[in-house]
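# Survey of secondary and tertiary structure
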Amino acid sequence: MKLLLVEDDADYAASLSQSLKSLAHDVTVVPDGVSAMTANDHERFDAVIIDRMLPQMDGMTLVERLRERGQTLPVLMLSALGQSIDKVDGLKAGADDYVVKPTPATEIDARLKALLRARGWTSDGSNTLRAGAIIVNPGRHRAWYNEQVLDLSKLEFKLLSELTRNAGSFVTRAMLLERVWGYDFEPATNIIEVQVRSLRRKLVAYGDPDPIVTKRGVGYMLEA
């Protein structure tokens, strides 16, 4: 699992990061909320672990900002504050789970996996991506929807892979242009819309529901 750990205590972050890595996770560590927002804009994460007390932007505000931007990836909040009201406040802000420090990495691992299972998201050791009824295997360049093999062009496959990796969260035009087309600029054409329409036609060709959600001014999301 690719994790973003937002923790300003360098020693604790290093210890937790190492323990999570020993459980086969890929962990990126940032020390504050502003850095977390930047990292989330440029990297794909399966889940985020956020300390409640952070410099520049506290954990509560960070979760709220992520949710406001359409990000629905699982968020586990860490805090030394363990009163019931503290947990309620964290969950109301948009966190999916709340644990009190120090919590063993094995428990954090189990909680994160449970959150992903609840969303129907998995990514196994063979790099197969799953979101609901969609399965994508980047290594074999094959994809299925409701057990039907999808005949996709190279760009359609890359687009579906990107949407599947971020299932449940909106992916912006800028992110798609960078990750699918390799552009760092906004082209004067509607290349994204054309490919999304083409991908949609193939996904619904057998009468299946369209799993791609469009939100004007935000981007596209694959429903998990």
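One can find the structure itself at the top, above this paragraph.
We now turn to the structure provided with this report.

What counts as what
- Residues numbered from 1 in each chain as written.
- Predicted model: local features only at pLDDT ≥ 70, side-chain atom pairs only at ≥ 80, totals over all residues.
- Heavy atoms only, no water.
- Pairing = 2+ DSSP bridges.
- Helix = DSSP H or I, 4+ residues; strand = E, 2+ residues; numbered from the N terminus.
- Expected span 1.5 Å × (residues − 1).
- Buried < 20%, exposed > 50% of the residue type's maximum accessible area, 1.4 Å probe, protein only.
- Arc of directions from axis to C-beta.
- Polar contact = N/O pair within 3.5 Å; in protein donor to acceptor, adjacent residues only side chain to side chain.
- Axes fitted to C-alpha atoms, helices over the stretch in contact; angles between N-to-C directions.
- Contact = heavy atoms within 4.5 Å.
- Core = buried A, V, L, I, M, F, W, Y, C linked by side-chain atoms within 4.5 Å.

Looking now at the pairing of strand E12 (residues 219-222). Relative to E12, strand E11 (residues 212-215) is paired through 4 bridges, and the arrangement is antiparallel. Directly across from Ile212, in E12, lies its bridge partner Leu222. Turn length for the E11-E12 hairpin, with the two strands adjacent in sequence and antiparallel, is 3 residues, and the turn residue Gly217 shows positive phi of about 85°.

Between its first and last C-alpha atoms helix H1 (residues 10-21) spans 16 Å; for 12 residues at 1.5 Å apiece the expected length is 16 Å, and the two agree. Of the residues making up H1, those classed as buried are Tyr12, Ala13, Leu16, Ser17 and Leu20. Each buried residue of H1 lies within a common arc of 125° when the element is viewed along its axis, so the set occupies one face. When the buried face of H1 is taken as reference, the exposed residues oriented beyond 90 degrees from it are Ala10, Asp11 and Gln18. Between the side-chain oxygen at the start of H1 and the backbone nitrogen of Asp11 there is a gap of 3.2 Å, and the oxygen is on Asp9.

Of note, Leu222 is situated in strand E12. Distance in space between the C-alpha atoms of Leu222 and Leu115 is 17 Å, their sequence separation being 107 residues.

Taken in spatial order, the 5 strands make up an open sheet running E2-E1-E3-E4-E5, and their pairing is parallel. In this open sheet, the two edge strands, each paired with only one partner strand, are strand E2 (26-30) and strand E5 (97-100). Between one strand and the next, the sheet's axes are offset by a mean angle of 20°, whatever the strand orientation. Alignment of strand E1 (residues 2-6) against E2, held across 5 bridges, turns out to be parallel. Its bridge partner being in E2, Lys2 is matched across the sheet by Asp26. Across the face of the sheet, helix H2 (residues 33-42) comes into contact with E1 and E2 while running at roughly 160° to E1.

Another aspect to go through is the nonpolar core. By size, the foremost hydrophobic cluster in this structure holds 26 residues, and its most contacted members are Leu160, Leu163, Leu176, Leu199 and Ile212. At the level of elements, strand E7 (129-131), strand E8 (134-137), strand E9 (142-145), helix H6 (154-165), helix H7 (173-181), helix H8 (191-203) and E12 are the ones that each hand at least two residues to this core. Per-element tally for this core: the top contributor is H7, with 5 residues. Residues within four places of Leu163 in sequence aside, it is in contact with Val171, Leu199, Ile212, Tyr220 and Leu222. Membership of the second largest hydrophobic core comes to 21 residues, among which are Leu54, Met60, Leu73 and Ala95.

To continue, consider the pairing of strand E4 (residues 75-79). Of all the 5 residues making up E4, 5 are buried; the element is thus mostly covered by neighbouring parts of the structure. Burial along E4 is two-sided: Val75, Met77 and Ser79 and Leu76 and Leu78, pointing in opposite directions, are all buried. Sheet analysis places strand E3 (residues 47-51) next to E4, joined by 4 bridges and oriented parallel. Counterpart to Asp51 in the pairing with E4 is Leu78. Sheet topology note: the E4/E5 ladder contains 4 bridges and is parallel. Residue pairing for E5: Leu76 is matched across the bridge by Asp97.

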